[in-house]
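The residues making up each chain are set out below.
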Amino acid sequence: MLIDSNIIIYAARPEHENLRQFIAKHTPAVSAVSYVEVLGYHNLTEADRGLFEEFFAASAILPISQGVIERAVQLRQERRMTLGDSLVAGTALIHQHMLVTRNTKDFLWINDLEILNPFE
């Protein structure tokens with residue numbers, strides 16, 4: 001499994017204990033894009049920064065390899081999508097991981113991408 005940035009952020013909220021348990025049970029990987037998106041947020045509090053840094057230190061962070069880049073380019077050629085979403089989807093596809101995200105609508109059109117919304 002590859003978890004999207006939105007799942008990481010939701011899991012940090014106190015009311016989402018079930019999501020933290022889901023992550024702990026499945027020990028999913030994360031994309032380098034999610035690392036940048038989450039830790040690069042300009043209004044991140046120091047407390048949240050510490051929490052997210054601990055999470056990423058314990059996570060398998062998958063790099064943006066040449067294969068990921070090429071797959072992201074193919075996806076963007078097929079349909080308009082953000083650079084971040086194309087790199088996350090490319091990472092999931094290259095590493096043959098299911099993508100865990102709450103924003104399923106952004107990825108549903110990708111036929112060979114398995115998607116899971118843990119909120120449903």
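Residues numbered from 1 in each chain as written. Predicted model: local features only at pLDDT ≥ 70, side-chain atom pairs only at ≥ 80, totals over all residues. Heavy atoms only, no water.

Q: Hey, could you run me through helix α2 (residues 17-26) in this one?
A: When we look at burial in α2, the residues that qualify are L19, F22 and I23. One side of α2 carries all its buried residues, which in axial view fall inside an arc of 95°. Away from its buried face by more than 90 degrees, α2 exposes N18, A24 and K25. T27 sits one or two residues past α2 and shows a positive phi near 35°. (Buried < 20%, exposed > 50% of the residue type's maximum accessible area, 1.4 Å probe, protein only. Helix = DSSP H or I, 4+ residues; strand = E, 2+ residues; numbered from the N terminus. Arc of directions from axis to C-beta.)

Q: So what exactly am I meant to see when it comes to the side chain of S34 here?
A: With respect to the helices, strands and loops of the structure, S34 is situated in helix α3 (residues 32-39). Overall, S34 belongs to the buried group, its relative accessible area being 0%. In this structure, S34 is in contact with I3, D4, S5, I8, F56 and V88, ignoring residues within four places of it in sequence. (Contact = heavy atoms within 4.5 Å.)

Q: It is not clear to me how the layout of surface pockets should be interpreted in this structure. Could you clarify?
A: Sizing a probe to match a water molecule and rolling it over the atoms shows the empty space that remains. The calculated volume of the largest pocket comes to roughly 340 Å³. Lining of the largest pocket is provided by 14 residues; of these, A11, R20, I23, A24 and F55 occupy positions nearest its centre. Going through the elements one at a time, α1 (5-11), α2 and α4 (46-57) are the ones with two or more residues in the lining of the largest pocket. Its residues assigned to classes, the lining of the largest pocket shows 11 nonpolar, two polar and one charged. (1 Å grid on protein atoms, 1.4 Å probe; cavity = no way out; pocket = protein on both sides within 12 Å on 5 of 7 lines; lining within 4 Å. Points joined across faces, edges and corners; volume = space filled by probe spheres on them. Nonpolar A, V, L, I, M, F, W, Y, C, P; charged D, E, K, R; others polar.)

Q: When you look at the sheet that holds strand β2 (residues 29-31) in this model, what are you seeing that I'm missing?
A: In a beta sheet, neighbouring strands pair by backbone hydrogen bonds and run either parallel or antiparallel. Read from one edge of the open sheet, five strands run β3-β2-β1-β4-β5, paired in parallel fashion. The two strands at the open ends of the sheet, each matched to only one other strand, are β3 (61-62) and β5 (115-116). Inspection of the sheet shows strand β1 (residues 2-3) paired to β2 by two bridges, in the parallel sense. Opposite L2, over in β2, you have A29 as the bridge partner. Most of the contacts of α3 go to β2, to which it runs at about 75°, and overall it touches β1, β2 and β3. (Pairing = 2+ DSSP bridges. Axes fitted to C-alpha atoms, helices over the stretch in contact; angles between N-to-C directions.)

Q: Help me out: how do you make sense of the environment of R71 in this one?
A: Relative to the elements of secondary structure, R71 occurs in helix α5 (residues 66-78). On a C-alpha basis, the gap between R71 and L87 in space is 7.9 Å, while along the polypeptide they are 16 residues apart. Setting aside residues no more than four positions away along its own chain, R71 makes contact with E78, G90, L93, I94 and D112.

Q: Quick question: what am I supposed to make of the nonpolar core here?
A: Soluble globular proteins: nonpolar side chains tend toward being buried together. Counting residues in each nonpolar core, the largest one holds 18 residues, and the members touching the most others are L2, L75, L99, F107, I110 and L113. Within the residue set of this core, elements represented by two or more residues are α5 and α6 (83-94). It is α6 that provides the largest number of residues to this core, a total of five residues. Contacts of L2, omitting those with residues within four sequence positions, involve A29, V30, S31, L62, V88, T91, A92, H97, M98, L99 and V100. Formed by 14 residues, the second largest nonpolar core is a distinct cluster that contains I3, F22, I23 and L44. (Core = buried A, V, L, I, M, F, W, Y, C linked by side-chain atoms within 4.5 Å.)

Scope: geometric values only; no functional claims are made or implied.
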